[in-house]
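# Reading the structure
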Amino acid sequence: MTQPSRDPAAASGGTVDPADVATAERLLAEGRLTVEGRLVQASNATLYCTVEHDGLRAACVYKPVAGERPLWDFPDGTLAGREVASYLVSEAMGWHIVPPTVHRDGPYGPGMVQLWIESDPDVDVVALSRSQDPAIRRVAVFDAVINNADRKIGHLLPPGDARPGHVYGCDHGVTFSVDYKLRTVLWQWRGEPLPEEALEALRRLDGRLRSGPLRRRLGELLTAEEIDATVHRVELMLKHRIHPYPPEDWPAVPWPPY
């Protein structure tokens, strides 16, 4: 399969608002998936699909576990679960950075299904990634929490007029390692004090990571050690109240950065 058309009107009909997460989750979890093409730039099998259910229709991305390429530093068959875990943490922080995402069965077996976000073509994402934009700063904080090992410029999705001032992020498969692996293009705040909104989001997340529904759901997707390491990262950020510094023994910026 080849790179599909990215015309959201042709693929989704604009029927689902990403901000309506309950409707989007239900559609993604229960709808009929039809594979339309493959995103050929992706290193793992990434299928562009439509999903339909009860009169709703939307575009989405489906990443089957069977199409995951083995990695030396992440257990086989876990990337889809890490994508869903990233979504759950994004929601618990109240920032909605990750588009609605579920784990379900599909045409090629179980995997991750995520609502397609059409990025505004008029936004210069390279300039955006280097800016002081508060939405980008939220992504930087979020990445530090989930220990994102691959935040590229192309993973930033500003939806433009669909949601002004917001930035979504995609591709969160290499996350939640117990070892510090933060690798990102968003280092412009390293060592700077965290803004109050970030501290508030971290406080919200802290208790939910320790017990309750979020902890239980993450326990289905991650190991206990990985969850505890996430708790520890949040603790450190709340204690020191600064953006983290790049790791000294790990490449700090992904290559290629886009």
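Residues numbered from 1 in each chain as written. Predicted model: local features only at pLDDT ≥ 70, side-chain atom pairs only at ≥ 80, totals over all residues. Heavy atoms only, no water.

Turning next to the environment of Ala 252. Relative to the helices and strands, Ala 252 resides in the segment after α8 (224-240). Along the backbone, Ala 252 and Val 185 are 67 residues apart, and their C-alpha atoms lie at a distance of 8.1 Å. (Helix = DSSP H or I, 4+ residues; strand = E, 2+ residues; numbered from the N terminus.)

To continue, consider the nonpolar core. Counting residues in hydrophobic clusters, the biggest one holds 43 residues, and the most contacted among them are Val 89, Met 93, Val 145, Leu 205 and Leu 218. The dominant element in this core, judged by the number of residues it contributes, is helix α5 (residues 134-146), at nine residues. Listed in part, the 14 residues of the second largest apolar core include Val 16, Leu 27, Ala 58 and Val 113. (Core = buried A, V, L, I, M, F, W, Y, C linked by side-chain atoms within 4.5 Å. Buried < 20%, exposed > 50% of the residue type's maximum accessible area, 1.4 Å probe, protein only.)

Summed over the entire model, instances satisfying the criterion amount to two aromatic pairs. Where Tyr 48 meets Trp 116, the ring centres are 4.7 Å apart and the plane angle is 90 degrees; that geometry is what we call edge-to-face. Placement of the pair is Tyr 48 in strand β2 (residues 47-53) and Trp 116 in the loop between β5 (109-115) and α4 (125-129), with a sequence separation of 68 residues. On the accessibility criterion, Tyr 48 (2% relative accessible area) is buried. Exposure remark for Trp 116: the relative accessible area of 14% places this residue in the buried category. Judged by centre distance (6.4 Å) and plane angle (50 degrees), the ring pair of Trp 72 and Trp 250 falls under tilted. Of the two residues, Trp 72 is situated in the loop between β3 (56-64) and α3 (79-93) and Trp 250 in the segment after α8; the sequence distance between them amounts to 178 residues. One residue, Lys 181, lies across the ring of Trp 250, its end atom 4.1 Å from the ring centre. (Phe/Tyr/Trp six-rings, centres within 6.5 Å; stacked < 30°, edge-to-face > 60°. Lys NZ or Arg CZ within 6 Å of the ring centre and 35° of its normal.)

Direction vectors running N to C along helix α6 (residues 196-210) and α8 enclose 150 degrees, while the axes themselves pass 10 Å from each other. By the angle class used here, α6 and α8 are roughly antiparallel. Seen from above, α6 lies across α8 with left-handed handedness. Residues Leu 199, Leu 202, Arg 203, Leu 205, Asp 206, Leu 209 and Arg 210 of α6 lie in contact with α8, whose contacting residues are Ile 227, Thr 230, Val 231, Val 234, Glu 235, Met 237 and Leu 238. Here the contact of α6 with α8 is composed, by residue class, of nine nonpolar, one polar and four charged. (Axes fitted to C-alpha atoms, helices over the stretch in contact; angles between N-to-C directions. Parallel < 35°, antiparallel > 145°, perpendicular 65-115°, else oblique. Left-handed = near helix turned anticlockwise from the far one by under 90°. Contact = heavy atoms within 4.5 Å. Nonpolar A, V, L, I, M, F, W, Y, C, P; charged D, E, K, R; others polar.)

Read across the open sheet, the five strands follow the order β1-β2-β3-β5-β4; overall the sheet is antiparallel. Taken across any chain shown, the strands that pair with only one partner, and hence form the sheet edges, are β1 (32-38) and β4 (101-106). The sheet shows a mean angle of 40 degrees between the axes of neighbouring strands, taken without regard to direction. Of the pairings in the sheet, the one linking β2 to β3 comprises seven bridges and is antiparallel in character. Paired with Leu 47 across the strands is Tyr 62, a residue of β3. Sitting on the sheet, helix α2 (residues 21-30) touches β1, β2, β3, β4 and β5, and the angle it makes with β4 is about 15 degrees. (Pairing = 2+ DSSP bridges.)

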